[in-house]
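Descriptive structure summary
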Amino acid sequence: MRHRNIVILTGAGISAESGVPTFRADADGLWLGHRVEDVATPEAFVRDPAKVQAFYNARRAQLATVRPNAAHLAIARFAARHPGRLTLVTQNVDDLHDRAHAEIAPGPGFELIHMHGELLKARCTASDMVCNWREDLEADHPSPHHPQGRLRPHIVWFGETPLEMDRIEAALQACDLFLSIGTSGAVYPAAGFVQAARFAGARTVEINLEPTTGRRLFVEGVYGPATETVPAFLDTLY
């Protein structure tokens, strides 16, 4: 085994083939038909909580219609046999990685980090406590954790700090292989992960549908549908 400490970063591209809409603004500046400022900022939640909750209620319900694809399952199989440390950092708020690893139990060195939060969790606005949540959330949904709190989606909105950054940075500093799968790598802090991995001396590989604007930062590039490229590349590591 050439690589003992691996970090995998995944983005919208790995879930797109499962039918999950990509969470990115289109050419008109809209995000799944909405202005980002209206559904994905703390200010939007204060201004119109009903609209924000309805947007994420729809995203949450849509997860019931999709399943992990071959790329998710390939990572899960790899995690099950990898003898070292494997940190999977996802920018996606869906649960497809979680479901894949529930089907194929990972090894003891595996860690899954949802840096942008999770659709199937809710957070108390007063205590910051997080709980599993699969149902709809109302505009002013009372929190079970604090009398003055209400529940909001456990999603990192624009202007908020991504989750678990200390753990992610520690993994990058120790890694000897960094894979970026299905992400443009254009938004910080994730855009800086490849540079942190290179500084640690890691092999860096971009796996995407097509080369990104950050391709020059990677030593290698593998391009095509994630359901084809991810299983094939992971098989080369053994």
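Residues numbered from 1 in each chain as written. Predicted model: local features only at pLDDT ≥ 70, side-chain atom pairs only at ≥ 80, totals over all residues. Heavy atoms only, no water.

1. Description of the pattern of salt bridges
Inspection of the entire model under this criterion finds 14 salt bridges. Lys51 is the salt-bridge partner of Asp38, the closest N and O atoms lying 3.7 Å from each other. Here the residue Asp38 occupies a position in helix α2 (residues 36-39), and Lys51 occupies one in helix α4 (residues 49-62), the gap between them amounting to 13 residues. Among the charged side chains, a salt-bridge network with shared partners connects Arg35, Glu37, Asp38, Arg47 and Lys51. (Salt bridge = Lys/Arg side-chain N within 4 Å of Asp/Glu carboxyl O. Helix = DSSP H or I, 4+ residues; strand = E, 2+ residues; numbered from the N terminus.)

2. Observations regarding the sheet that holds strand β1 (residues 5-10)
Across the sheet, which stays open at both edges, the six strands sit in the order β5-β4-β1-β9-β10-β11 with parallel pairing between neighbours. Looking at the sheet topology across the chains shown, the edges are occupied by β5 (110-114) and β11 (220-223). Going from strand to strand, the sheet's axes swing by 15° on average, the running direction of each strand aside. Both strand β10 (residues 203-208) and β11 contribute to a ladder of four bridges, which runs parallel. Residue pairing in the sheet places Val205 in a bridge with Glu220 of β11. Together, β1, β4 (85-90) and β5 form the strand contacts of helix α6 (residues 96-103), whose direction differs from that of β5 by roughly 160°. (Pairing = 2+ DSSP bridges. Axes fitted to C-alpha atoms, helices over the stretch in contact; angles between N-to-C directions. Contact = heavy atoms within 4.5 Å.)

3. Focus on the UniProt feature "binding site: NAD(+)" (unreviewed entry) in the protein chain
Look at the UniProt record and you will see "binding site: NAD(+)" (unreviewed entry) annotated at Gln91, Asn92, Val93, Asp94, Gly182, Thr183, Ser184, Asn208, Leu209, Glu210 and Ala226. Taking the farthest pair of C-alpha atoms as the criterion, the annotated set spanning 136 residues is dispersed, since that pair is 22.7 Å apart. Structurally, the position occupied by Asn208 is in strand β10. Asn208 gets classed as buried once you look at its relative accessible area, which sits at 13%. Excluding its chain neighbours within four sequence positions, the residues that come into contact with Asn208 are Gly182, Thr183, Val222, Tyr223 and Gly224. Here Leu209 shows up in the loop between β10 and β11. Here Leu209 falls in the exposed class, since its relative accessible area comes to 59%. (UniProt positions renumbered as here; feature names shortened; annotations may be inferred. Buried < 20%, exposed > 50% of the residue type's maximum accessible area, 1.4 Å probe, protein only.)

4. Brief notes about the environment of Glu206
Structurally, Glu206 can be placed in strand β10. Separated by 16 residues in sequence, Glu206 and Val222 have C-alpha atoms that sit 6.2 Å apart. Beyond its immediate stretch of four places on either side in the chain, Glu206 contacts Ser180, Pro211, Thr212, Arg215, Phe218, Glu220, Gly221, Val222 and Tyr223. For Glu206, the side chain forms a polar contact with the side chain of Thr212, separated by 2.4 Å. (Polar contact = N/O pair within 3.5 Å; in protein donor to acceptor, adjacent residues only side chain to side chain.)

5. Describing α6
Along an α-helix, residues three or four apart share an orientation, since each turn contains 3.6 residues. All buried positions along α6 are accounted for by Leu96, His97, Ala100 and His101. Along the axis of α6, the buried positions cluster into a sector of 130°, meaning they face one direction only. (Arc of directions from axis to C-beta.)

6. Some thoughts on the UniProt feature "active site" (unreviewed entry) in the protein chain
As recorded in UniProt, the feature "active site" (unreviewed entry) lies at His116. Classification of His116 as partly exposed rests on a relative accessible area of 22%. Not counting the four nearest positions on each side in its chain, His116 is found in contact with Thr90, Gln91, Val93, His154, Ile155, Val156 and Pro162. Within polar-contact distance, the side chain of His116 engages the backbone oxygen of Gln91 at 3.2 Å.

7. Focus on the pairing of β5
Examined bridge by bridge, β4 and β5 share five bridges and lie parallel to one another. Bridge pairing links Leu86 to Phe110 in β5. Handedness of the crossover joining β4 and β5 through α6: right-handed. (Right-handed = clockwise from strand over helix to strand, strands pointing away.)

8. Looking at the nonpolar core
Formed by 21 residues in total, the largest nonpolar core has its most connected members in Ile8, Ile75, Leu179, Ile181, Val230 and Leu234. Elements with a minimum of two residues in this core: β1, α5 (70-81), β4, β9 (177-181), β10 and α9 (226-235). When residues in this core are grouped by element, the largest group, five residues, is from α5. Val89, Ala171, Phe193 and Phe218 belong to the second largest nonpolar core, which has 18 residues in total. (Core = buried A, V, L, I, M, F, W, Y, C linked by side-chain atoms within 4.5 Å.)

9. Concerning the side chain of His101
Mapped onto the elements, His101 comes out in helix α6. Given the relative accessible area of 8%, His101 is considered buried. Residue contacts for His101: discarding those within four places in its chain leaves Ile75, Ala76, Ala79, Leu88, Pro106 and Phe110.

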